[in-house]
Amino acid sequence: MISVREMAGLIWLGVLLVAALAYGPTRKSVPSILLSFAKPPLLVAFSLYFAWIALGVYIGHLAGGWNPSMLGPTIVWTLLVGIPLIFGMTNAAKDPRWLLHQLRALLSVTILLEFMVNVRTFSLAVEFTLQGSLGFLVLLASVASLQPEHHVVAKAINSLMGITALVLAGVGITRLVTTWAEQDWHQTMLGLIMPLWLGAWAAAFVALLGLYSNLERIFRLMSLQNPRRLARFWRILPLALRAGWRPKTICKCHGYWYNKIANSSGIREANQVVGEFLEYLANDDALVAAAAQKLVDNAGLQGTDDEGAQLDQREFKETWNALETIMLWFHGWYAKNAPGYDLAKIQQIMALHQFNDLPEPHGITARVSPGGESCYAMRQTITGRVLAVGLHGHDFGHWDWDGDHEPNGYPGKGGDWGADWAAQAFNPNR
């Protein structure tokens with residue numbers, strides 16, 4: 001027969017399910033969320049994940065860290081902690097320190113909470129009913145968290161799950177205190193340690209999925225040069241081993257490099273190409289670092305260098321980029337709402353746009369000539385230098401200006417701009 005305590009657990013589960021499904025957004029979203037989960041890539045990922053967990057449990061059993069009496073807590077951990085962990089694959093793919101963060105989290109106070117939840121308090125049949133239902137809710141919340149339109153559902157379910165975890169932890173603590181003398185402390189310690197090694201084992205799998213996610217795009221694109229999967233595997237292996245854990249590095253492996261890797265004669269030449277790729281990135285990073293240091297070193301210096309470029313170029317790059325962006329807007333809206341360049345429309349866009357690389361207010365001014373055939377945008381940098389970019393006659397040719405004052409006239413109409421944009425094509429401050 002079911003005890004009063006077990007009946008209370010089932011009643012709480014019923015209340016939890018009813019509360020989750022009675023919530024409007026949850027009820028309406030359940031079908032689409034379940035259909036999302038049924039997608040083959042997600043099913044394959046989960047199948048491999050559960051197989052990985054089973055392998056870890058088997059290894060733990062051989063090592064003496066797991067026994068059949070821990071099956072219930074293991075299922076609880078897999079459903080309540082392990083499943084949400086796999087949905088961190090996106091973060092694992094983007095953050096090179098994700099695995100380290102997860103291993104640190106395993107040592108947090110949540111381990112104690114998991115241990116208390118895992119203390120056996122119900123009969124096997126009731127536990128499996130509870131675990132299955134709670135696992136369904138966790139899975140529902142995890143899938144919902146992947147889709148922005150269902151975030152409200154994930155938040156609602158996670159709130160209910162948090163309350164449930166506290167209730168179960170309270171029951172576990174009470175159980176532990178009232179049966180202190182009867183506890184099998186060897187088994188209790190195994191239960192306390194299990195979330196540590198099982199969590200590390202599961203996190204390693206998710207990290208591998210993140211590695212696969214980073215490389216899958218390149219592996220697929222390499223098929224244009226080398227359609228054989230096994231051949232591509234041996235060629236992409238050096239990239240995976242030497243840079244797979246660095247998402248930003250993998251993202252920079254563009255067409256030239258992955259085609260060169262795909263066309264290599266074998267793993268040795270592919271490894272050589274990867275070495276060249278990493279050296280290229282290192283040199284590029286060194287140039288960026290040198291440019292950043294030059295800005296620091298030249299801050300406040302007056303005059304120009306041997307090539308005629310200003311020594312102090314703070315905000316130059318950010319300003320040129322912002323001005324070119326505005327010229328694209330001018331060009332795109334040419335003659336749509338008014339003949340020639342439409343100043344009013346561009347000013348509306350500028351008022352809504354955030355130039356994140358520039359201080360607020362950004363200080364950019366846009367002007368259009370009478371008749372609307374010429375336009376320019378200008379900004380004075382922190383050094384006092386005025387930079388400007390202009391257009392004339394709906395031509396893609398950019399007119400550049402930099403000086404100690406706002407340019408006179410308009411591009412193509414003489415003045416400081418001159419009559420030919422090509423004459424202004426070279427600018428040492430670019």
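Residue numbers restart at each chain and count upward from 1, following the sequence in its written direction. Owing to the predicted nature of the model, reporting of local features is limited to residues with pLDDT of at least 70; listing and counting of side-chain atom pairs is limited to 80 or more, with chain, interface and lining totals taken over all residues. The basis for the side-chain values is all heavy atoms of the structure; hydrogens and waters are excluded.

Visitor: Can you explain the packing of helix 13 (residues 255-262) against helix 14 (residues 267-298)? Please cite residues and give values.
Guide: Interaxial angle, 0 to 180 degrees, is taken between N-to-C directions of lines fitted to C-alpha atoms, where a helix line uses only the stretch in contact. Starting at the N terminus, helices and strands are each numbered in turn, a helix being any DSSP run of H or I of at least four residues and a strand any DSSP run of E of at least two. Interaxial distance between helix 13 and helix 14 falls to 8 Å at its minimum, and their mutual angle equals 160 degrees. Judged by the inter-axis angle, helix 13 sits roughly antiparallel to helix 14. Crossing handedness for the pair helix 13 and helix 14: right-handed. Residue-level inspection shows Trp257, Lys260 and Ile261 of helix 13 in contact with helix 14, the latter providing Ala270, Val273, Val274, Glu276, Phe277 and Tyr280. Of the residues that constitute the contact of helix 13 with helix 14, the class distribution is seven nonpolar, no polar and two charged. Here the angle decides the label: under 35 degrees means roughly parallel, over 145 means roughly antiparallel, 65 to 115 means roughly perpendicular, and every other value means oblique. A clockwise turn of the near helix away from the far one marks a right-handed crossing, whereas an anticlockwise turn of less than a right angle marks a left-handed crossing. Only heavy atoms matter for contacts: two residues are in contact if any of them lie within 4.5 Å across the pair. Charged residues are taken to be Asp, Glu, Lys and Arg, nonpolar residues to be Ala, Val, Leu, Ile, Met, Phe, Trp, Tyr, Cys and Pro, and polar residues to be all remaining types, Gly included.

Visitor: Would you mind going over the packing of aromatic side chains in detail, with residue names and values included?
Guide: Note on ring pairs: Phe, Tyr and Trp rings are taken, using the six-membered ring of Trp, and paired if centres are within 6.5 Å. Classes follow the plane angle, with under 30 degrees stacked, over 60 edge-to-face and the rest tilted. Tallying each qualifying case throughout the model produces 13 aromatic pairs. Ring geometry for tyrosine 49 versus phenylalanine 50: centroids 6.0 Å apart, planes at 45 degrees, classification tilted. Three exposure classes are used, based on accessible area relative to the maximum for each residue type with a 1.4 Å probe and protein chains only: buried under 20%, partly exposed in between, and exposed over 50%. By relative accessible area, phenylalanine 50 is classed as partly exposed at 37%. Members of the aromatic cluster, each reached through a chain of ring pairs, are Tyr49, Phe50, Trp52, Trp201 and Phe205. Definition used: whenever NZ (Lys) or CZ (Arg) falls within 6 Å of the ring centre and also within 35 degrees of the ring normal, the charge is taken to sit over that ring. Cation over ring: arginine 232 sits above phenylalanine 219, and NZ or CZ is 4.4 Å from the ring centre. The ring centre of tryptophan 333 lies 4.8 Å from the NZ or CZ of lysine 345, which sits over that ring.

Visitor: Quick one: what's the story with the pairing of strand 3 (residues 386-392), residue by residue and with numbers?
Guide: Burial within strand 3 is extensive, with six of its seven residues counted as buried. Of the strand pairs in this sheet, strand 2 (residues 374-380) and strand 3 are connected by seven bridges, and their pairing is antiparallel. Paired with tyrosine 376 across the two strands is glycine 390, which belongs to strand 3. Two elements, strand 3 and strand 4 (residues 399-403), share five bridges in a ladder whose sense is antiparallel. Each bridged residue has a counterpart across the sheet, and for alanine 388 the counterpart in strand 4 is tryptophan 401. The pairing criterion is simple: DSSP has to find at least two bridges between the two strands.

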